[in-house]
Structures are given as C-alpha cells and as structure tokens.
Amino acid sequence: MTTSCFHCLEPVPPGFSAHVQFESQPQPVCCTGCQAVAETILAQGMSDYYKFRTDSAGKVEELVPEQLKELLSYDNADIQQDFVSQQGELQEVLLSVEGISCAACAWLIEKQLLGLKGVARVDVNTSTHRAMILWHPQQCKLSDIIKSLHQIGYKAYPFQADDEAAQKQTVAKAYLRRLGVAGLMTMQVMMFAFAMYFGMFSGMEDNFEQYFRWISLFLASPVILYSAMPFLTNAIKGLRAKQLNMDLPVSLAIFGAYAASCYATVMSVGEVYFESICMFTFLLLLGKYLEFRARLKASEFTANLQKLLPLTARQLLPDGEQKIVAAKSLQLSDQIMIKPGETIPADGVLISGSTTVDESMMTGEHLPVKKYQTHQVYAGTINHDGVITIEINKVGQNTLLNQIIKLQHNALTKRPKIVEVTDKVAQWFVACLLIFASITAVAWYQIDPPHAFWVTISVLVATCPCALSLAIPTALTCAVATLTRKGILIKESHVLETVPKLTRMAFDKTGTLTEGRFSIESVSVLNKNWQESDVMALAVALERYSEHPIAKAFTELVVSPRQLSDVEVITGSGVKARFGEHSVAIGKSAWFGNHSSFAQATLFVDGKPIADFYLADKVRNSAPEIINYAQGQGLSCHLLSGDSSNAVKDLALELGLDTYKNACSPQDKQKQVESWSAQQHVVGMVGDGVNDSPVFNSAHLSIAMETGADISKNTADVVLLNSDLKSLQTLHQVAKKTKTVIKQNLTLSLCYNGSILPLAAMGLVPPWVAVIGMSASSILVITNSLRLLKL
C-alpha cells in the first residue's frame, strides 16, 4: 500500500524514510523539503493548519543559493519601483503566491507573516492567489518576507500589474464604493418604508410623517448624488456628443423620481419614492458591477501578456561580473545571461551557448525551438536547458511582445462595420424608447394617474438596449483573445467578419506551402569561360542582399564571396550589382528575356546567362491537410508563384489545387486577385515574401507567415506567429463560431427587448423586475461570448 506524505499528500517514494511528529505520532513525509516545512509549521505552533485544511499543500522546492541571491535583488530600491508602493511610513507589495489551495492556506500565511517583526498587515486572496502585505522597511526586508513564505512551502514573487490592469482595478474599487453606499443607505430607507407599508406608523400625525420623509430624503441623497451620478454623467456626455446612449433612459428614471420626491417632501404634497429609487439604483449598480466583472474576464486574456516579462535581469559587466538589474533599465547592446528555466527579459541575439526555448506564449506551439548563436530570442519566452548569453537588440516598444500587444489593442479598438451598424441601431432604439415612454406616460396618466410614473420608469429601464450594444464587442474580444493564445495575430478589425465570407484562397509557394528551406541540388554552368567555384562565389555575394527564402540556400555555403558595388534588389526579379567592370545579377531565368529554363535561379553576367541553379524544397506537412479542409468548406484553392520552374506544377498536382500560375511578378499576382474580386469572389491570400506585399493590398484578407519578410508581415491583416498552415483551419473555425455567437447574442437581445416592451407598457413589469431583466440580459450575452475563450 502506498503511503502519502503528511504535508503534500503525494506518495512517499519507495526507500525514502523520514518523519515528523504530529500529536505525538510519527507522520511520513516524501522529501526533505516537505519535512523541513512541516517541522517549521509545527514548531511555530500552527499545527491547526493540518487539522482544518481541505486540500493538499503544494510540493515543496528548496531554495538553491542562486535563488536566494536573486531574492535579495528584490530589496534593491530601483527594482522595487515597479511593484512596491509607499503607504505613509509603511511599504505595500502585492505578491503572487503559488500553492494556495484552501482557506487554511490563507490562515497559515497570515499567521506566519504576522509573526515577523515589522509586518503590519497581511491580506490573502485565495481566489486570485495573491497576498497584499504592509511592512516597516526599517524593521524587515521584502526578501525576508518571501523567504519566510518559502519556509512554509509557498513560492512567492512580486505581482506585476500593467497600467491597464491597474486602471481596471481602480474602476472595480469605484464600483464597490458606490455599491456599498447604495446598499447601506437603501437598507436605512427601506426600514422606514416597510414600517409604513405594514401600518406600524398608521394614525401618526402629519408632522411625524413629514419628519420621516425628510429623513428618507437625507438618506437617499448620497445614493442618488454619489452612487447614481455616473449614469447622469454618461448620459450628459452622450448628449454633448449628439448621441443617445443607454444611460439616458436610466438617468431620466432615477433623477426624475428623485426630483419628484424632493418636490413632494419640500411642498408636503403627493407621494415620495425614495425607497424605490434607492433599491432601483442598488440593483442597477449590482448588475453593472457583475457585467463589469464578466467583461473583465473576457478581456483579461488580451491584457496579461505584459505580465510575462520578468522583473529582473542578470547583466554581464565589462569585467565579466554579473549584476542583477531591473529588466526595464536594460539598454541596446547590453549583454545578459539567462539560465535554464528563466524567462528571457528582452529581445536579443544569442552570442554564446545554445539552448531550446519555449515560444508558446507567442506561437501557441509548445514544442521547444532550438536556438544557436546568431539566432534571435524574444522577451517573455522561456529558456529551457542551456546557459546562454544574448546581446539586446530591441528594447521598449520595439520588442516583439510589445508589438503584439500594440497590434492586439489596435485590432480591438478599430470598429468593424457590423459594430457600427448595431451602435446606430441602438441609438435609434433609445430614441424610439423615449418616444414610446412618453406615449406610455400620457396614456397611463389618462387611465390610472397614480401608476403612470412607475409604469413609465419600467418602460425606460426594462427596454434599455444594453445587451444589444454588448452583443458584438464582447464576442470579438473573446475571439481575438483565443486566436492570440493559439499563435494567430489579428491586426485588422474586419478579419473575423471577412473569413466566413471567403470563396477563394490563393497561396504563395516558397515559404508558404513549402518550408522555404532550400538546398542546392545541382549547378549547370552555361558558359565554359566560367568555373563552378567562381559562379558560386558570385551567387553567394549577390544573395546576401536578398530576403527571399531561396537566398538562404546560398548564404549558408562556405565560400569566399566576391566584393560587389551598386547593389540593387529588384522586387519580383532578383538582385543585381557591379562586379568590377561587369554587371552581374541573379534571379529568375527569364529576367532579361534571353534565357529560359526550369531552374529556380540563374546567374547573369552583363545580361547573359552564366549558370542555372536547381534547388529542392520540402512541402510543409500541414499543407495537404489545410488544402483538403479549405476545399471541404467550399473554398477553391489556387497557387500563385513567382517560381518559373516545373516545381510549381508538380506542387499543384501533389496538393490537388484547383489552378496554378507560375513565373508571376508581384503585379501579375495583384492582377489575378483583382480579376477574381471583379467576379464577386471574396479572396484570401497567404504569403510570406516581399513580392507578396502588393497582392496583400488587393486581397480581401491577407495572411503572412511569421518566418516571412518584415514588409509582408506589416502589410498583412493576419500574422501566423507559428508559421503553421493548420492555424488557417483554427482561424476559420473560430471566425465561424464567432459569427454564430454574434447571431445568438443579437437574437437574445432583440427577443428580450421585443418581449419586455409591451409587458412593461401594460404595467405588468414593476421597476425592480425591470432592473433585474436589463442586467440579466446583459450578463447572458456576455456569458454566451465567454464560450469563445474555451475553443
């Protein structure tokens, strides 16, 4: 029978024997780490933790000297600027704590830290696994606090909130403050209201009744003038911008009832409705807060990339010494060392060592990527198994991670056409609602004057089209977050709208359907005055200036290249230059119109062909699968390649493409796509090279591979960060699902508004039910959108 560890409840390895004494009984432990932690907890009188915990503790990892040294860097004032704030004489830090599993963990952590001299307060949140700590910096160091948590088995590190997250936390706190004021005051006002409802004050003198009215006015005023003020502010902002937003009917309902009640109190006439509008405001704020929390969850996946960056970096000084510095202080050309398991703090070129790197945070692909000297590594990725040194070549907003974040925000900020349409519909809906509410008020005033006011309020609130306005933005936000997680970067807002409409897909060949890793199969020297070694040296020298995938087959050769001058890259043709007295060029066989062959590249000297180069390229493993998928979805697939060789035809036949066209210049590709567009086809173009940039502008949807040229990635609507064609299938499926969710959301919101309107107008919906209905419809729409995060 397997014995479980007393501390972490994991099986004790065979042959390992160690125990701790708990209530005079020996208890087995699985490692020396768990033994040390259990003994610490028991020795400090916190044995209740083992009695009341409801889940196992995390397995303990002992700190090695290197980690202890890194902990000391958290005491550095420069590094603390990013995560420590001053609260009077105290300092405050928010720590992410790994291993929290139940309320007993929170109790244990608080008891452990409050036992340290200088720690003034500890608040542990078991749902977010974070701990807020206030301490006296003169009496205790931050590294001591973190080490103390390690002693009882919890790994902790400073939580790094980005500006957007901090802003959202501020908004959440403001919601809670307003909600708290509304709840507290509503309870007080309702006490008087219930007493009067049930006749406790029946028969009282008019002076007393008026006295209670004034008290209700006093208690309700903070609710209306503080808690409900954002509704009025937003409504006024909308009117100034000549827009009728959702807060306008709500503000009319709340402040209209408040003004009428104040008038009745001051003039001692009519009825007052303080308890109703307080309850109404409280429920409205509660619904808004729940809606805000749901939207926060929907957007958190797009906002947490910045948190992947480490706080510190190990900088190599000119004398060879290492220094722990703040990652934000790194400059271009700084050299930093990264050890196995550490997160790379900045973009740079590997100059020493080799390793494998986990780039899944950018590409969605969890297989490690091998990295050797001269390879580029990116901030936020994780170094797996080698000690490497990199030289930083990009910092700040130029790093790939920040570029991804920027593009992501741009895609979410830009408004697709369908969003603009629904916003206009919502505005017209509000205008119609105000007219309908006015008609309802007049009609009910004729039928039943005492109920006219509340029926009108119900109409204003119940039919507010909040859900309609949320239907599309929340679905798009969730879809973009899912695609980013899977290594598909959406740059333009129309992408998810366009993908389901595609009827044709066009592919570039080299680097797109094929891997673009060429090797030279054979060289055919056409002029006997030239030796093969000479043509190879010239070819290598010319191809050094090209970004085309074919160029790598030459530049990786070990030959002595020739010195060139006046180098010029001709897009779609090749590279030409001066070599002594001669004009030399390498590119398409038909470049100068005097030569024709099936070679992938030809070397020209003074415009005459000198040598043909035949290269081999491997078809991507995922290419047949994506072509079958696209054709199965009713899309026709086409190959547009600048390659003039027979390889284009062979590839088209191998993959079963509908048509192919070889020897295409960038203009040829552009004209072909434009002709398809003229035939009412919706065309998507997938490419990677410089020569694909013009056609990207003509296609309805352009998709670039991450391994492609920078200009193609800048022009494209979508970038496949993992350069895997399977991502096209994911993009298509998520886009179709998003379209379905948007339709469902619109149907839900329109059905709700359409059905509640006549009921409210007939007086069948009391105001509190109207508030719940409006909030519930919004939350239902958001919850439906959140399903996209699980794809």
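Residues numbered from 1 in each chain as written. Predicted model: local features only at pLDDT ≥ 70, side-chain atom pairs only at ≥ 80, totals over all residues. Heavy atoms only, no water.

Participant: Would you take a moment to explain the packing of aromatic side chains for this structure?
Facilitator: In this description, an aromatic ring pair is defined by two values, namely the gap between the centres and the angle between the planes. Applying the stated criterion across every chain yields a total of six aromatic pairs. Ring centres of F6 and F22 lie 5.2 Å apart, and the angle between their planes is 40°; on these two criteria the pair is classed as tilted. Note that F6 is positioned in the segment before β1 (19-22) and F22 in strand β1, a separation of 16 residues in sequence. This pair shows no difference in class: F6 is buried, exactly as F22 is. Taking the centre distance of 5.1 Å and the plane angle of 80° together, the rings of F554 and F613 count as edge-to-face. Of this pair, F554 sits in helix α20 (residues 549-555) while F613 sits in strand β24 (residues 608-616), and the two are 59 residues apart along the sequence. You can call F554 buried: its relative accessible area is 0%. (Phe/Tyr/Trp six-rings, centres within 6.5 Å; stacked < 30°, edge-to-face > 60°. Helix = DSSP H or I, 4+ residues; strand = E, 2+ residues; numbered from the N terminus. Buried < 20%, exposed > 50% of the residue type's maximum accessible area, 1.4 Å probe, protein only.)

Participant: Just checking my understanding: could you explain unusual backbone geometry for this structure?
Facilitator: Peptide bonds are trans in most cases, and residues, glycine excluded, mostly fall at negative phi. Although it is not a glycine, T374 sits at a positive phi angle of roughly 80°. Within the secondary structure layout, T374 lies in the loop between β13 (369-371) and β14 (376-377). Of note in the backbone geometry, Q680 takes a positive phi value of approximately 70° without being a glycine. Examined against the element boundaries, Q680 turns out to sit in the loop between α23 (666-678) and β27 (683-687).

Participant: Would you mind showing me how to read the UniProt feature "transmembrane region" (unreviewed entry) in the protein here?
Facilitator: As annotated by UniProt and renumbered to match this structure, "transmembrane region" (unreviewed entry) occupies residues 179-199, 211-232, 244-266, 272-290, 425-447, 453-483 and 746-765. Secondary structure across residues 425-447 divides into 100% helix and 0% strand, with the first and last C-alpha atoms of the span separated by 32 Å. (UniProt positions renumbered as here; feature names shortened; annotations may be inferred.)

Participant: Explanation requested: the environment of P368 in the structure shown.
Facilitator: Relative to the elements of secondary structure, P368 occurs in the loop between α12 (360-363) and β13. By relative accessible area, which is 41% here, P368 ends up partly exposed. Spatially, the C-alpha atoms of P368 and H384 are 7.8 Å apart, while their sequence positions differ by 16 residues. When residues no more than four places from it in sequence are discounted, the contact partners of P368 are T356, V357 and H384. (Contact = heavy atoms within 4.5 Å.)

Participant: Help me understand the pairing of strand β12 (residues 355-358), please; the structure alone is not making it clear to me.
Facilitator: Because side chains alternate across β12, one face comprises the buried residues T355 and V357, and the other comprises T356 and D358, equally buried. Relative to β13, β12 runs antiparallel, the two sharing three bridges. Directly across from T356, in β13, lies its bridge partner K370. (Pairing = 2+ DSSP bridges.)

Participant: Just to check I follow, could you spell out the environment of G587 for this structure?
Facilitator: Assignment of secondary structure puts G587 in strand β22 (residues 582-587). Given a relative accessible area of 11%, G587 falls into the buried group. G587 sits 26 residues away from F613 along the chain, and the two C-alpha atoms are 9.9 Å apart. Discounting chain neighbours no more than four positions away, the residues touching G587 are S573, G574, Q600, A601 and T602.

Participant: Before we go on, may I ask you to explain α23 in this structure?
Facilitator: Working note: α-helix, 3.6 residues per turn, so residues spaced by three or four point in the same direction. Spanning 13 residues, α23 covers 18 Å between terminal C-alpha atoms, matching the ideal 18 Å at 1.5 Å per step. Among the residues making up α23, those that are buried are P666, K669, Q672, V673 and W676. Buried residues along α23 cover an arc of 130° about the axis, so they all sit on one side. Opposite the buried face of α23, by more than 90 degrees, sit the exposed residues K671 and A678. (Expected span 1.5 Å × (residues − 1). Arc of directions from axis to C-beta.)

Participant: Can you walk me through the packing of helix α9 (residues 229-240) against helix α10 (residues 247-267) in this structure?
Facilitator: For any two helices packed against each other, the geometry comes down to the angle between their axes and how far apart the axes lie. In contact at an axis separation of 8 Å, α9 and α10 are set at 130° when each is read in the N-to-C sense. Between α9 and α10, the crossing angle belongs to the class labelled oblique. Here α9 runs over α10; the crossing is left-handed. The segment α9 lies against α10, with M229, F231, L232, N234, A235 and L239 engaging D247, L248, V250, S251, I254 and F255. Within the contact of α9 with α10, the residues separate by chemical class into nine nonpolar, two polar and one charged. (Axes fitted to C-alpha atoms, helices over the stretch in contact; angles between N-to-C directions. Parallel < 35°, antiparallel > 145°, perpendicular 65-115°, else oblique. Left-handed = near helix turned anticlockwise from the far one by under 90°. Nonpolar A, V, L, I, M, F, W, Y, C, P; charged D, E, K, R; others polar.)

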